[in-house]
Amino acid sequence: MKNSHDLPLLTIGQVSKRCGVKPSTLHFYEDKGLIKSWRNSGNQRRYKKDVLRRVSLIKAGQKVGVDLKSIRVALDTLPNSRTPNKADWEVMSSVWKSQLDEKIRYLEKLRNSLTGCIGCGCLSMSNCPIYNEDDFLGNNHSGPPLLDK
Ligand code: FES
């Protein structure tokens, strides 16, 4: 089967095998608007070959902890929903690297705070950096505010 550009279309099984993801994952990506398929006359899904690159990008993003919503936002910046090229990937990965660096800094801070809690057990609302019973600081802060001290 070929599409309007005379390129061969892939079945869901072919995409699944080439990308190493389950067909149900492809359905999920499609439901989230991350990839697109067409239906043949038998109402079966068909994909353009560039879906392979999009799925690779989605998997790469997920592997470094980027949520699907952010991946969708990045893909939506591409004109006419085109497949990301090398330059696009460089921009996206650079943004994601910054986000990842920020997460790493936060987790290191959390780890260091946790180290102080190990063996302590006080769970003090005023002193413990990871404890905040009933979200008493929630009106003025988001996240665990004592970590920012
Ligand atoms: S449990 Fe005591 S400071 Fe966190």
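Before any of the text, the structure's been laid out above.
From a predicted model like this one, the values you see are computed outputs, not experimental measurements.

A. Focus on the side chain of Ser-16. By the secondary structure assignment, Ser-16 is in helix H1 (residues 12-19). Taking the relative accessible area as the measure of exposure, Ser-16 reaches 13% and is therefore buried.

B. View of helix H4 (residues 68-76). Of the positions making up H4, those classed as buried are Leu-68, Ile-71, Ala-74 and Leu-75. One face of H4 carries all of its buried residues, which in axial projection span an arc of 120°. Turned more than 90 degrees away from the buried face of H4 sit Lys-69 and Val-73, all of them exposed. For H4, the elements touching its buried residues are helix H2 (23-31), helix H3 (51-63) and helix H5 (86-117). The N-terminus of H4 is capped by Asp-67, whose side-chain oxygen sits 3.1 Å from the backbone nitrogen of Lys-69.

C. Region of interest: the packing of aromatic side chains. With the rule as written, the count across this model stands at 1 aromatic pair. Seen from their ring centres, Trp-89 and Trp-96 are 5.9 Å apart, and the 75° between their planes marks the pair as edge-to-face.

Cut-off values and rules
- Residues numbered from 1 in each chain as written.
- Predicted model: local features only at pLDDT ≥ 70, side-chain atom pairs only at ≥ 80, totals over all residues.
- Heavy atoms only, no water.
- Helix = DSSP H or I, 4+ residues; strand = E, 2+ residues; numbered from the N terminus.
- Buried < 20%, exposed > 50% of the residue type's maximum accessible area, 1.4 Å probe, protein only.
- Arc of directions from axis to C-beta.
- Contact = heavy atoms within 4.5 Å.
- Polar contact = N/O pair within 3.5 Å; in protein donor to acceptor, adjacent residues only side chain to side chain.
- Phe/Tyr/Trp six-rings, centres within 6.5 Å; stacked < 30°, edge-to-face > 60°.

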